[in-house]
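# Chains, contacts and geometry: an overview
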Amino acid sequence: MTTKKEFLEKVRGSRVGPPLVAPYMGNFSIAWSGMSLSACYKDAAKLACAQLRAWERFGQDAIVVQSDNYYMAEAFGAPVSHDEGCMPVLRGAVVESPDDIGRLVPVDPRVGGRMPVYIEAIARVRESAGPDAVIRGCGTGPFVLAAHLCGIERLLMWMAETDSGLADHRARLDELFSLGLETLVAFATAQLEAGATIVQLADSLASINVISPDMYRRYAFPYEKRFFEAMRGPCEKHGALALLHICGDNTRVFEDFVATGADIICVDHAASLRTARTIVGDRACLIGNMDPAGNLLWGSPDEVYREATGLFDAGLPGKYILGTGCEVSVKTPPENLDAMIRAAREYDWGQCCGVGCAGCGPEREGAR
């Protein structure tokens, strides 16, 4: 495990050393520890305990204090059902017309919905793991929160009507996205104060697999950029980083991802890590992009090890963290996660240039 200081220096590019590995394993850790998913996303003590148990067992470089998707939407009144042992399910919309947006009010993350569970869990992990541990928090992006509150189909329709001139919902949409932004900034700041090392904006429905690049630039990018600008001061104060997580193949907007100002950019398995490295360069640290539903879930430890090694070939040298494109399945064999982490510990980082030169030999199988 790396210390917080080493992690920050590697992400910022000021330290050369063994590569980092930080799979997105919040729910995996809960299941592996033998705890109930539904219990942990409601109980900070149980959530913290599960993450600490898994960290002590697997030794990854970042503890992920994360579980479900609706902790913010629920705070705004979104109807969510909770079944024993399962993730919560969104059952309907709060916003059914543009005028409904005007009735929404900001939510204090310290008391709203289940956001306090995650803030407290981070504080508990920090207290138990100590000052050197790297802790990654959670956070729903403005676009995704809007989709949770409206329903994704309704939100896309309002955007399409605005873009086509059939209606003009721009002011209301700005109000909705800005409300999500304000809440996320407050939530992320509270996580930093609780001890988080990494705060995140997870805007997965802003993926280019869902909306066009132009729509992304009009309706998601401005609010993401404002988030990272707002978090720059708090992150500097607490010695922390801010991460952008958007699923899917977002190659056409990787340049925009850099322009948000995020310290770390997640690359999903659907995209090419090598292409992302070419576009992004060292302007931001990349994390990814092992497929959580591929070898990690279904393959052998040897296949996982080879894939992870190939990803290091594609991501290094430079600012890179081996991670998963998205959430590690709760059904992932522990020995496969061991192989992923072992690949980071054994990688010959001192010789590899990342392009198959004489120093590192031919490009390894699995590099994307």
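Structural notes, computed from the coordinates.

Definitions and limits used
- Residues numbered from 1 in each chain as written.
- Predicted model: local features only at pLDDT ≥ 70, side-chain atom pairs only at ≥ 80, totals over all residues.
- Heavy atoms only, no water.
- Helix = DSSP H or I, 4+ residues; strand = E, 2+ residues; numbered from the N terminus.
- Contact = heavy atoms within 4.5 Å.
- Areas by Shrake-Rupley, 256 points an atom, 1.4 Å probe, with all protein chains shown as cover.
- Lys, Arg positive; Asp, Glu negative; His and termini not counted.
- Charge placed at Lys NZ, Arg CZ, Asp CG, Glu CD.
- Salt bridge = Lys/Arg side-chain N within 4 Å of Asp/Glu carboxyl O.
- Buried < 20%, exposed > 50% of the residue type's maximum accessible area, 1.4 Å probe, protein only.
- Core = buried A, V, L, I, M, F, W, Y, C linked by side-chain atoms within 4.5 Å.
- Phe/Tyr/Trp six-rings, centres within 6.5 Å; stacked < 30°, edge-to-face > 60°.
- Lys NZ or Arg CZ within 6 Å of the ring centre and 35° of its normal.
- Pairing = 2+ DSSP bridges.
- Axes fitted to C-alpha atoms, helices over the stretch in contact; angles between N-to-C directions.
- Left-handed = near helix turned anticlockwise from the far one by under 90°.
- Nonpolar A, V, L, I, M, F, W, Y, C, P; charged D, E, K, R; others polar.
- Expected span 1.5 Å × (residues − 1).

What follows deals with the overall build of the chain. Of the regular secondary structure elements, the chain holds 16 helices and 10 strands. Structurally, the chain occupies a C-alpha span of about 60 × 45 × 40 Å along its principal axes. Counting contacts in the chain only where the partners sit at least 6 residues apart, residues at least 24 apart contribute 72% of the total. Only carbon and sulfur atoms are counted for the fraction: they give 52% of the accessible area of the chain, which is about 13,900 Å². Side-chain charges in the chain split into 36 positive and 47 negative, and the spacing between the mean points of these groups amounts to 3 Å.

Right, let's get into the environment of E6. As for its placement among the helices and strands, E6 is situated in helix 1 (residues 4-12). For E6 and L20, which are 14 residues apart along the polypeptide, the C-alpha to C-alpha distance reads 9.8 Å.

This paragraph deals with the pattern of salt bridges. The final tally for this structure, using the stated rule, is 18 salt bridges. Here E9 ties to K5 by a salt bridge, and the two come within 2.7 Å at their closest N and O atoms. One end of the pair is E9 and the other is K5, both in helix 1 and four residues apart, which spans about a single turn. For K5, a relative accessible area of 52% corresponds to the exposed category.

The next thing to look at is unusual backbone geometry. Geometrically, the link from G288 to N289 is a cis peptide bond, its omega value of -20° lying close to zero. Along the chain, N289 falls in strand 9 (residues 285-290). That bond from L316 to P317 is cis: its omega, 0°, falls within 30 degrees of zero. Its place among the elements puts P317 in the loop between helix 15 (301-315) and strand 10 (320-324).

On to the nonpolar core, then. Formed by 108 residues in total, the largest nonpolar core has its most connected members in F143, L149, L155, F187 and Y216. Here this core gets 11 residues from one element, more than from any other, and that element is helix 9 (residues 170-194). Ignoring any residue separated from it by four or fewer positions in sequence, one finds F187 in contact with Y71, M72, P109, M115, Y118, I119, C138 and G139. Ranked by size, the runner-up nonpolar core spans 15 residues in total, among them A22, V134, L243 and I321.

Another aspect to go through is the packing of aromatic side chains. One pass over the full model with this rule turns up 13 aromatic pairs. A ring pair is formed by F28 and F58, whose centres lie 5.6 Å apart and whose planes are at 65°; its orientation type is edge-to-face. Of the two residues, F28 is situated in helix 2 (residues 26-32) and F58 in helix 4 (residues 44-58); the sequence distance between them amounts to 30 residues. Looking at F28, the relative accessible area reads 2%, which means it is buried. Taking the relative accessible area as the measure of exposure, F58 reaches 6% and is therefore buried. Here F312 and Y347 contribute two aromatic rings whose centre-to-centre distance is 5.0 Å and whose plane-to-plane angle is 40°, an arrangement assigned as tilted. Here F312 is found in helix 15, whereas its partner Y347 is found in the segment after helix 16 (334-346), with 35 residues between them in sequence. When sorted by exposure, F312 lands in the same class as Y347, which is buried. Joined through ring pairs, the aromatic side chains of F143, F177, Y219 and Y223 make up one cluster. Note that R57 overlies the ring of F58, its terminal NZ or CZ placed 4.3 Å from the centroid.

Burial within strand 9 is extensive, with six of its six residues counted as buried. Relative to strand 9, strand 8 (residues 264-267) is paired through four bridges, and the arrangement is parallel. The residue bridging V267 from the neighbouring strand is G288, located in strand 9. Here strand 9 pairs with strand 10 via five bridges, running parallel. Paired with N289 across the two strands is G323, which belongs to strand 10.

We now examine the packing of helix 7 (residues 142-150) against helix 9. The contact between helix 7 and helix 9 brings their axes to 8 Å, and the two run at 120°. Seen along the crossing, helix 7 lies across helix 9 with a hand that is right-handed. Of the residues in helix 9, those touching helix 7 at P142, F143, L145, A146, L149 and C150 are L176, F177, G180, L181 and L184. Residues belonging to the contact of helix 7 with helix 9 are distributed by class as follows: 10 nonpolar, one polar and no charged.

A few words now on helix 6 (residues 115-129). With 15 residues, helix 6 should reach 21 Å at 1.5 Å per residue; the first-to-last C-alpha distance of 21 Å fits that figure. As for helix 6, its buried residues are in contact with helix 3 (37-40), helix 4, strand 2 (63-64), strand 5 (135-136) and helix 9. Immediately downstream of helix 6, the backbone of G130 shows phi near 95°, a positive value.

Function cannot be read off these values alone, since they describe shape.
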